[in-house]
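Notes for the structure review
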Amino acid sequence: MNTDALRGHMDALLLSVLEHEPLHGYAIIEALQARSGGALNVPTGTVYPALRRLEQAGYLASEWATVGGRKRRTYRLTSPGRTALAGERSAWREFAGVIGSVLEPRTTR
């Protein structure tokens, strides 16, 4: 899937992937790919700046951890991040509904 198509939705995707457990950057990329059935192959140059931005906004917290023998920065969702995720999900449902109502064929009577 084209990364440009994800514009405006990356925050929601990252927050969602981190909802249940802390993950390091590469594991986040793998989770996006797995949860999308392989459709999302987001480059590190897109993910890491977004993670830093979400951390600066207070939606994520990070710490260094040793994972598989390597030192990696691990990210977790904060309480404000959970609130932001709920808002992103609500906005997504509204957006998808509006776009769907335009794209889906109408039955005429």
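Not measured: the values here are computed from a predicted model. The written sequence of each chain sets the order in which its residues are numbered from 1. Note on the predicted model: pLDDT of at least 70 is required for a residue's local features to be given, and 80 or more for side-chain atom pairs to be given and counted; whole-chain, interface and lining totals, by contrast, use all residues. Hydrogens and water molecules were not included; the side-chain quantities draw on all heavy atoms of the structure.

Moving on, we come to the pattern of salt bridges. Here, a salt bridge means any Lys or Arg side-chain nitrogen found within 4 Å of an Asp or Glu carboxyl oxygen. The full count for this structure, using the stated rule, is 2 salt bridges. The partner of Arg 53 in a salt bridge is Asp 11, and the shortest N-O contact between them spans 2.9 Å. One end of the pair, Arg 53, is in helix H3 (residues 44-56); the other, Asp 11, is in helix H1 (residues 10-17), and 42 residues separate them in sequence. Buried residues are those whose accessible area, probed at 1.4 Å on protein chains only, stays under 20% of the maximum for their type, while exposed residues exceed 50% and partly exposed ones sit between those limits. Take Asp 11: its relative accessible area is 22%, and that puts it in the partly exposed class. A salt bridge links Arg 89 to Glu 19; the nearest nitrogen and oxygen atoms lie 2.8 Å apart. One end of the pair, Arg 89, is in helix H4 (residues 79-103); the other, Glu 19, is in the loop between H1 and strand S1 (23-24), with 70 residues separating them in the sequence. Here a strand is any run of E in DSSP of at least two residues, a helix any run of H or I of at least four, and the numbering for each starts at the N terminus.

A few words now on the layout of surface pockets. Estimates place the volume of the largest pocket at around 380 Å³. Along the wall of the largest pocket there are 17 residues; nearest its centre are His 9, Ala 12, Leu 13, Ser 16 and Trp 92. Of all the elements in the fold, those that place two or more residues in the lining of the largest pocket are H1, helix H2 (25-35) and H4. Looking at the lining of the largest pocket, the element that brings in the most residues is H4, giving 6 residues. Charged means Asp, Glu, Lys or Arg here, nonpolar means Ala, Val, Leu, Ile, Met, Phe, Trp, Tyr, Cys or Pro, and polar covers whatever is left, Gly included. Its residues assigned to classes, the lining of the largest pocket shows 10 nonpolar, 4 polar and 3 charged. Here a cavity means grid points, on a 1 Å grid over the protein atoms only, where a 1.4 Å probe fits yet cannot get out; a pocket means an open set of points with protein on both sides within 12 Å along at least five of seven lines; lining residues are those with an atom within 4 Å of a point. Grid points are joined across faces, edges and corners, and a volume is the space filled by probe spheres set on the points.

Before going further, it helps to examine the packing of H1 against H4. Each axis is a line fitted through C-alpha atoms, and for a helix only the stretch in contact is used; angles between axes span 0 to 180 degrees, taken between their N-to-C directions. Orientation of H1 relative to H4, taken along the N-to-C sense of each, is 125 degrees, at an axis distance of 9 Å. As judged from the angle between their axes, H1 and H4 are oblique. Relative to H4, H1 is oriented so that their crossing is left-handed. Contacts from Asp 11, Ala 12, Leu 15 and Ser 16 of H1 reach H4 at Gly 81, Ala 84, Leu 85, Glu 88 and Arg 89. In terms of residue class, the contact of H1 with H4 is made up of 4 nonpolar, 2 polar and 3 charged. Angles below 35 degrees are treated as roughly parallel, those above 145 as roughly antiparallel, those between 65 and 115 as roughly perpendicular, and all remaining angles as oblique. Crossing handedness follows the turn of the near helix against the far one: under a right angle anticlockwise gives a left-handed crossing, and clockwise gives a right-handed one. Contacts between residues were defined by any pair of non-hydrogen atoms, one from each residue, lying within 4.5 Å.

Turning next to the sheet that holds strand S2 (residues 60-67). Strand order in the open sheet formed by 3 strands is S1-S3-S2, with antiparallel pairing between adjacent strands. On the outer flanks of this sheet lie S1 and S2, each paired with one strand and no other. Only when DSSP finds a minimum of two bridges between them are two strands counted as paired. When S1 meets strand S3 (residues 70-77), the two strands line up antiparallel, connected through 2 bridges. Along S3, the bridge assignment pairs His 24 with Thr 74.

Running from N to C, H1 and H2 cross one another at 100 degrees; their axes reach a closest spacing of 10 Å. Overall, the two elements H1 and H2 adopt an arrangement that is roughly perpendicular. Judged by residue contacts, Leu 13, Leu 14, Ser 16 and Val 17 of H1 engage Ile 28, Ala 31, Leu 32 and Arg 35 from H2. When grouped by side-chain class, the residues that make up the contact of H1 with H2 number 6 nonpolar, 1 polar and 1 charged.

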